[in-house]
Every structure is written in C-alpha cells, then in structure tokens.
Amino acid sequence: METPCFMPVGTLGTVKGITAAQLGDTGARMVLANTYHLHLQPGEGIVAEAGGLHRFMGWDGPLLTDSGGYQVFSLGDINRINDEGVTFRSPRDGRRIELTPERAMAIQMDLGADVAMAFDQCPPHPASEAEVAAACRRTHSWLERCIASHTRPDQALFGIVQGGCFPGLRAESARVVASMDLPGIAVGGVSVGEPVEAMHRILRQVGPLLPEERPHYLMGVGSLPEMALAVAQGFDLFDCVLPTRLGRHGAALVGGERWNLRNARFRHDHQPLDASCPCPACRQHSRAYLHHLIRAEEMLGKVLLSLHNITHLVRFTRAMARAIREGCFAEGFAPWEAQSPAAHTW
RNA sequence: GCGGGCGUCGCCAAGUGGUUAAGGCAGCGGCUUGUGGCGCCGCCAUUCGGGGGUUCGAAUCCCCUCGCUCGCC
C-alpha cells in the first residue's frame, strides 16, 4: 500500500457531531467505529436490523471496527480476565458482560464493517516483561480463535501485534501474527502512555518486520510527527482521537503547531484559521469567531475545529502519499523524524 | 437629619488580635494518541474602602472619613 490513510473515529455511529456527509467532505476515506461502544449502545442487533453499520450511520465508504479489546482494558471495570476472555461491568448500566474472541467476532460480523479487528489484550504502559509476555501469548491464542470463528467472507480480519516496549516480545509477536496470513496487520499497544521515544523505537523495530505486501495499521496514532515516522517505516493506516478531541477542547492544528483557540490572542484576530485549508472553518470563518464560539461553549465551535483538524490530518497523509509517488518522501518528511521544526514544507 | 447593617481579587465569599488572607466563579496559560462533548494541572489580593491610633503583633480593637443599604422623620 502506498497511500497512507487516516481514519477519524466514529464511536457511536457518528463522529461527535459531524455528519457522514461532512466527514466525506474532509477527504477522509475510511472510518473506525467501536465494537465496545456499539455493543453497549445501541447493541449490534439494532445495527444488524438496520442493514449493517454502513447504512445505520449513513457512511458508505470503507469502515473498520475496533474489537473492543483496548476499550475493555482502558475504560471497563474489569471483573475477571483469563484465557477464555474478559468479564467486566458495563459502565452504562452496571450489568456484567463477557467478551471473548468468539463473541467479539460475532458482534463485529453483526456490525458488518469492511474490516474487523482481532480481540487482543493491550497491557497498560508500566507493565513488567512477564506481564507483557503473558498478554502476548494470550493475544496470539485469541487470534487463532478469532480466525477460526470469523466466517464472514465479505469482511477482512486484521491481527494485532503486541509486545509493549520489549523488542524480543515485539519481534516474536510480529513473527506470529505475520505467519497467520491475514489481509492486514496492526501494531497495538502503542500510545498507551509510554514515552514518545519508546514508541519511536518500537516503530523503527517492528515496521520492517511486517510483510511488505499487506497493509500496516498503527493503532491509536495520529500526531503528525509520529505518522510521518511510521510511514517512513512502512505503515499505511492510522486512527486517532486527537483531531476531534483537540477540536472539542478548543485546539486547532495549524502549520504543524497546536493552537489553543481559547487563548486571548485570538480575540481580535479576524483572519482565517489557516488560509491554505479548504475546510468550512477556514473557508467561511475567522479565528476571532472560532475563539468566540469556543469561549461561549457553543457546539458549533467544537464541530468546526474537529472538521478542521480531520482535514488537516487527511491533507497531511495525502501530502505524504504524493511525496512517496514522486519519490521525494525523505526530503519532505524525514525532517519529522529528527523533530525538525522545518517540517512544514507540504 | 436620626438610628441600624455592611464595605476582603472583576464577581460571590471565609476569616472577628498571632506564622507567608480559605474556597468558588471569571480571567491567564498548559495537558489530552485503538473517544464519555468527561476530565486534569499550574498561575492569579505583600493586602482587607481611605486616613490616623492602640498593641510586640490589626482584615480583625478605637477614632475620623468616604461609599452602599435598611428603617424612621
């Protein structure tokens, strides 16, 4: 794959106040939705009843569902975890829910996205090598069960490499997952609180270990420098909450920087946020207006900044794709690797 | 005019003689990486309406003064 792709996240069948049509206008090609959240509400039965997730949420482009493995560990109140699966209490109504590889596959098949993700165990960042090794073994055995129970031929299944910050475990996990002959491979267990240098080391190590002909998906990563670094290491696909979460919190990505639109310096700034950007926020509104909307806690401000930030990341991935096609990726984007401030050349 | 009450950060508000004057809101800035529009973290009164006393020590006690407020004329 030579076209890096960024996926905005549509947890609940919307991207936080943005319609599918608006999302399409940003240039985003693929959307990630969430098995965990959709299972809790409204439930995969309702989605299946609607004719699948595409029709339910009004998005007819490519769609990927995360398996819920990460959310169970990061959001859930876990009661029990063993080789069989995970039992946790629903934060919504307190009922006990059991998620196993088979169950995660059944739910994702009901949801009907184009890509389903394997059910994995994502250990939290400060974890011992023994703990991470156990999570890897479990993730690998769960992957076999996911493959065995995933029977929907019109849906791809991606495996997930774990291994934390331990090179030996990463190498072993990459070998095991690559051997399964799946249509795509993801690297998980990054951006879970580890230092950025640790993530960079993992990317440099694991990227080259993955089969070149199959898409590499780096889960949860969406800062510009890290996407560029990952693309340099062969990754193609990213998802991240950052553009929309930053937008909701009043921040905009402009020229490789992060601006807090709440800041008083924008109060009298009547020029466009980013004159080079084609998004609705930049085309039709000023920094002062966006500042006002954010200060007034107006939802429109959050939506406009989210649209802008998604557009920004999509433009960035497209610029990288063009650079790869034209054979000048290293000159244009390698500066990111060294954290160079000169990177805004696209 | 007489009598009572009150004046502590832009706003609300603790504190009623003892180390560097709580807290909330607002303000100023920061954080957010396989999504709860959640949340978290810094910074924000050398000074208590003003002036003068008493005291080792005063936002706290006394005197004068200014302002607001309630009641009575």
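The structure displayed is predicted, hence computed values, not measured ones.

Rules used in this analysis
- Residues numbered from 1 in each chain as written.
- Chains lettered and ligands numbered in written order.
- Predicted model: local features only at pLDDT ≥ 70, side-chain atom pairs only at ≥ 80, totals over all residues.
- Heavy atoms only, no water.
- Pairing = 2+ DSSP bridges.
- Helix = DSSP H or I, 4+ residues; strand = E, 2+ residues; numbered from the N terminus.
- Axes fitted to C-alpha atoms, helices over the stretch in contact; angles between N-to-C directions.
- Phe/Tyr/Trp six-rings, centres within 6.5 Å; stacked < 30°, edge-to-face > 60°.
- Buried < 20%, exposed > 50% of the residue type's maximum accessible area, 1.4 Å probe, protein only.
- Lys NZ or Arg CZ within 6 Å of the ring centre and 35° of its normal.
- Near = heavy atom within 4 Å.
- Polar contact = N/O pair within 3.5 Å; in protein donor to acceptor, adjacent residues only side chain to side chain.
- Nonpolar A, V, L, I, M, F, W, Y, C, P; charged D, E, K, R; others polar.
- Salt bridge = Lys/Arg side-chain N within 4 Å of Asp/Glu carboxyl O.
- Core = buried A, V, L, I, M, F, W, Y, C linked by side-chain atoms within 4.5 Å.
- Contact = heavy atoms within 4.5 Å.

Go over the sheet that holds strand 4 (residues 77-81) with me, naming the residues and quoting the values.
Strands sit in the order 4-5-6 across an open sheet of three strands; the sheet is antiparallel. Two strands in the sheet have a free side with no partner beyond their single neighbour: strand 4 and strand 6 (96-99). If you compare each strand with its neighbour and ignore which way they point, the axes differ by 25° on average. The pairing of strand 5 (residues 86-89) with strand 6 spans four bridges and is antiparallel. Pairing of Thr 87 across the sheet is with Glu 98, part of strand 6.

Could you give me a rundown of unusual backbone geometry, with the residues and numbers involved?
Residues Gln 41 and Pro 42 are joined by a peptide bond in cis, for which omega reads 5°. Summarising the element assignment, Pro 42 is placed in the loop between helix 2 (35-40) and helix 3 (44-49). Phi is positive for Asp 181, which is not a glycine, with a value near 60°. Tracing the chain through its elements places Asp 181 in the loop between helix 8 (167-178) and strand 9 (184-187). Even without glycine at this site, Ser 191 takes up a positive phi of about 55°.

Just give me the short version of the packing of aromatic side chains, but keep the residues and values in it.
Each aromatic ring pair is specified by the distance between its two centres and by the angle formed by the two planes. One pass over the structure, following the stated rule, counts five aromatic pairs. Geometrically, the ring pair formed by Phe 119 and Trp 142 is stacked, given 5.0 Å between the ring centres and 25° between the ring planes. Of this pair, Phe 119 sits in the loop between strand 7 (115-117) and helix 7 (129-149) while Trp 142 sits in helix 7, and the two are 23 residues apart along the sequence. According to the relative accessible area criterion, Trp 142 is buried, its value standing at 0%. Members of the aromatic cluster, each reached through a chain of ring pairs, are Phe 316, Phe 329 and Phe 333. Just above the ring of Trp 259 sits the side chain of Arg 265; from NZ or CZ to the centre is 5.5 Å.

An account of the protein's contact with RNA strand B is requested, with residue identities and associated values reported.
Close contacts around RNA strand B come from 37 residues, with Asn 34, Gln 71, Ser 191, Thr 244 and Arg 248 the closest. Considering RNA strand B, the proportion of its atoms within 4 Å of the protein that are sugar or phosphate atoms stands at 61%. Within the side chain of Arg 295, a nitrogen or oxygen atom sits 2.3 Å from a phosphate oxygen of RNA strand B. Counting residues per element, the ones that place at least two in the surface near RNA strand B are helix 5 (69-74), helix 11 (242-248) and strand 13 (257-260). Per element, the largest residue contribution to the surface near RNA strand B is four residues, and it comes from helix 11. In the surface near RNA strand B, the residues fall into 14 nonpolar, 13 polar and 10 charged.

Report on the pattern of salt bridges, specifying residues and quantitative values.
In the structure shown here, the tally under the stated rule is 10 salt bridges. Between Glu 172 and Arg 175 there is a salt bridge whose closest N-O contact spans 3.1 Å. Taken together, the residues span about one helical turn, with Glu 172 and Arg 175 both in helix 8 at a distance of three residues. By relative accessible area, which is 36% here, Glu 172 ends up partly exposed.

Requested: an account of the nonpolar core, with residues and values cited.
Counting residues in each nonpolar core, the largest one holds 71 residues, and the members touching the most others are Val 187, Leu 210, Leu 218, Met 227, Phe 235, Phe 238 and Met 320. If you tally residues by element for this core, the top one is helix 14 (residues 299-325), at nine residues. Residues within four places of Phe 235 in sequence aside, it is in contact with Val 187, Leu 203, Gly 207, Leu 210, His 216, Tyr 217, Leu 218 and Ala 230. Counting residues in each nonpolar core, the second largest holds 15 residues, with Leu 261, Leu 273, Ala 281 and Cys 282 among its members.

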